[in-house]
Amino acid sequence: VRATTTAVFEDLESEVRSYCRKFPVVFDRAKGAELYSEDGRRYIDFFCGAGTLNYGHNNDFIKRRLVDYLAADGVVHGLDMYTVAKREFLTAFNETVLRPRELDYKVQFCGPTGTDAVEAALKLARKVTGRTGLMAFTGAYHGMSRGSLGVTGSRRARRAGGISGQDVTFVPYEDGPQGTFDSIGFIERLLSDPSSGVDIPAAVIVEPMQMEGGMYPASAEWLRALRAVTERHGVLLILDEIQAGCGRTGKFFCFEHAGIVPDIVTVSKSIGGYGLPLSMTLFRRELDVWEPAEHTGTFRGNQLAFVAATAACDLWEQTKFRTDLAVAARRLERFGAEIAATEPGVEVRGRGMALGIDLAGAGGPERAHRVQRYAFDHGVIVELCGRHDEVLKILPPLIIDIARLEVGLGVVGTALRTTLY
Ligand code: PMP
């Protein structure tokens, strides 16, 4: 007999779980921009597995390839042996993503999570430079393992013990909630002053748009200045594209808006195309100083993820996908402008299909939770982010049709209008 209640979760699953508390139903099926609970309710998904489902749930184009691959008994697990699925992905990724952008990177498969791509990036930067220090920004989110936790800002998360707390200098994020801060000038002073007390770090790690931190896009000028200051001091620049990448902000990589070339890039989440685990670290060719097996993992390079990711590269090439995406992004941007104009105290930030509605000055986290609850009760899944969960994070799948986007945004708009404070 199949259990239909939540009893087994409450009995067996660790208290560390979180999303089930925000969305207390049991989900069963999902298609495109929608999730369905087992009791038959339908939810528009503005969360997308924290940016993992850019192509939507069960995308038919990608699913076909997966089904065919499984039906043909394609290799499912291959460690890092050569496989046809990996060859097809590397070829497609090179032709669709790297070569058109003139990015001469090597690809390291990590995994299966984004965190491991960050770990590899940090380790590689330390190995290449022979230095141990790192710089990161307040509000940053890079993962929960000990190394990646070391460069994650949240005190609450860091309590569990980042290894390298002393090795990391946190720089106030330029466009963060405390207003503007001359972080580049600050970095320049620390690095150029031989008595600053801060050793020259191996790398600076940055998200091109802070997502967990509260939806703060880094400006193009700021990223260019960060590239310049790191270059001046021989410090590697790591761009964490795990959540902001794969088309989320309108370009494949979010850093493209700034026209910079990072030394190292981390990619995960939507690169797996179908919600399948895949994570990669990309780096300039001359940084490939790894010795064989120096950073391994049993599940790196998931073969099904390669198949899905190759299909996703092919989707990315389709003109219709790109034009539909541009239309949806313009609609989202217009919605953001409407909210900013009509809701006093609300600050709106966004880029492409990533929108943040900041309620810090208009009811704060308490209202944000009420908006989230209202949206959920009316069939829309919205996640919160920011220092205190004060920002509504709107991440629709890139393939969402305009009609569904309108319905979802309508609910969020009504939620804001009805949850006064
Ligand atoms: N970096 C960024 C920017 C992220 O958003 C996340 C996940 N939210 C990670 C790293 C860690 O990825 P994962 O949860 O897959 O380990």
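Bear in mind that the values here come from a model prediction, so they are computed numbers and not experimental data.

Participant: Describe the overall build of the chain, and please don't skip the residues or the numbers.
Facilitator: Assigned secondary structure in the chain consists of 14 helices and 17 strands. Rg of the C-alpha trace for the chain: 21 Å, near the compact-globule value of 22 Å for 421 residues, within the 12% margin. Projected onto its principal axes, the C-alpha positions of the chain cover 60 × 55 × 45 Å. At a minimum sequence separation of 6, the contacts of the chain that also span at least 24 residues come to 70%.

Participant: Can you break down helix H11 (residues 303-317) residue by residue, with the values?
Facilitator: The end-to-end C-alpha distance of H11, which contains 15 residues, comes to 22 Å, matching closely the 21 Å that a straight helix rising 1.5 Å per residue would cover. For H11, the buried fraction is high: 13 of the 15 residues fall into the buried class.

Participant: Describe unusual backbone geometry, and please don't skip the residues or the numbers.
Facilitator: In this chain, Gly111 is followed by Pro112 through a cis amide linkage whose omega measures 5°. The topology assignment puts Pro112 in the loop between strand E4 (105-110) and helix H6 (114-129). The residue Leu79 is not glycine, and still its phi comes out positive at about 45°. With respect to the element layout, Leu79 can be found in the loop between helix H4 (60-71) and helix H5 (84-98). Located in the positive-phi region is Lys269, a residue other than glycine, with phi close to 45°. Within the secondary structure, Lys269 sits in the loop between strand E11 (264-267) and strand E12 (279-284).

Participant: Would you mind going over the confidence of the model for the chain in detail, with residue names and values included?
Facilitator: In this model, the chain carries an average pLDDT of 94, and 97% of its residues clear a pLDDT of 70 or more. Interface predicted TM-score (ipTM) for the complex: 0.99; the corresponding pTM is 0.96.

Participant: Break down the site of the ligand for me, citing the residues and quoting the values.
Facilitator: In the region of the ligand, 15 residues are neighbours, and Thr113, Gly114, Thr115, Ile242 and Gln243 sit closest. When residues in the shell around the ligand are grouped by element, the largest group, three residues, is from H6. Taken together, the residues of the shell around the ligand sort by class into five nonpolar, seven polar and three charged.

Participant: Residue-level account of helix H13 (residues 364-377), with values.
Facilitator: In this model H13 runs 20 Å from its N-terminal to its C-terminal C-alpha over 14 residues, within 8% of the 20 Å that 1.5 Å per residue would give. Those residues of H13 that fall on the buried side of the exposure criterion are Ala368, Val371, Gln372 and Ala375. Down the axis of H13, the buried set is contained in an arc of 100°. They therefore lie on one face. In this structure, the buried side of H13 is in contact with helix H2 (19-22), strand E15 (380-381), strand E16 (383-385), strand E17 (391-394) and helix H14 (402-418). Looking one or two residues past H13, Gly379 carries a phi angle of roughly 85°, positive in sign.

Participant: Tell me what's going on with the domain arrangement of the chain, and back it up with residues and numbers.
Facilitator: Domain boundaries assigned for the chain yield domain 1 (7-59 + 319-418) and domain 2 (74-317). Measuring from the centre of the C-alpha atoms in domain 1 to the corresponding centre in domain 2 gives 25 Å. With 26 residues of domain 1 at the interface, the matching set in domain 2 holds 24 residues. The set of elements that each furnish at least two residues to the side of domain 1 that touches domain 2 consists of helix H3 (48-51), helix H12 (319-342), strand E13 (347-351), strand E14 (354-358) and E17.

Participant: Requested: an account of the nonpolar core, with residues and values cited.
Facilitator: Ranked by size, the top nonpolar core spans 121 residues in total, and within it Ala125, Ala203, Ile238, Ile264, Ala308 and Val412 carry the most contacts. Among the elements that line this core, the one with the most residues is H11, at 11 residues. Of the domains in this structure, domain 1 (7-59 + 319-418) and domain 2 (74-317) are the two that each give at least three residues to this core.

Participant: I'd love a proper account of the environment of Ile400, names of residues and values included.
Facilitator: As for its position among the elements, Ile400 is in the loop between E17 and H14. Expressed as a C-alpha distance, the spacing of Ile400 and Ala71, which sit 329 residues apart in the sequence, is 29 Å. With residues up to four places along the chain from it excluded, the contact list for Ile400 reads Ala33, Ala328 and Leu405.

Participant: How would you sum up the sheet that holds E4? Please name residues and give values.
Facilitator: Strands in a sheet are paired, the pairing made by backbone hydrogen bonds, and the direction either parallel or antiparallel. With mixed pairing, seven strands are arranged side by side in an open sheet as E4-E12-E11-E10-E7-E5-E6. Edge positions in the sheet fall to E4 and strand E6 (168-171), since each has one partner strand and no second. Averaged over neighbouring strand pairs, the angle between their axes works out to 20° when direction is ignored. Pairing analysis gives four bridges linking E11 to E12, with the strands arranged antiparallel. If you follow Ile264 over to E12, its bridge partner there is Phe283.

Participant: Account for the pairing of E17, with residues named and values stated.
Facilitator: Here E17 shows no split at all, with Val391 and Lys393 on one side and Leu392 and Ile394 on the other all buried. Looking at chain direction, E14 and E17 are connected through four bridges and run antiparallel. For Gly356, the partnering residue across the bridge sits in E17 and is Lys393. Here E16 pairs with E17 via three bridges, running antiparallel. The residue bridging Cys385 from the neighbouring strand is Val391, located in E17. The turn linking E16 back onto E17 is made up of five residues, and Gly386 within it adopts a positive phi angle of 100°.

Calculation criteria
Residues numbered from 1 in each chain as written. Predicted model: local features only at pLDDT ≥ 70, side-chain atom pairs only at ≥ 80, totals over all residues. Helix = DSSP H or I, 4+ residues; strand = E, 2+ residues; numbered from the N terminus. Rg over C-alpha atoms; globule rule 2.2 N^0.38 Å. Contact = placed C-beta atoms within 7 Å. Expected span 1.5 Å × (residues − 1). Buried ≥ 20, exposed ≤ 12 C-beta atoms within 10 Å, placed from the backbone. pLDDT = per-residue confidence, 0-100. Near = placed C-beta within 6 Å. Nonpolar A, V, L, I, M, F, W, Y, C, P; charged D, E, K, R; others polar. Arc of directions from axis to C-beta. Domains from an automatic or database assignment. Core = buried A, V, L, I, M, F, W, Y, C linked by C-beta atoms within 7 Å. Pairing = 2+ DSSP bridges. Axes fitted to C-alpha atoms, helices over the stretch in contact; angles between N-to-C directions.

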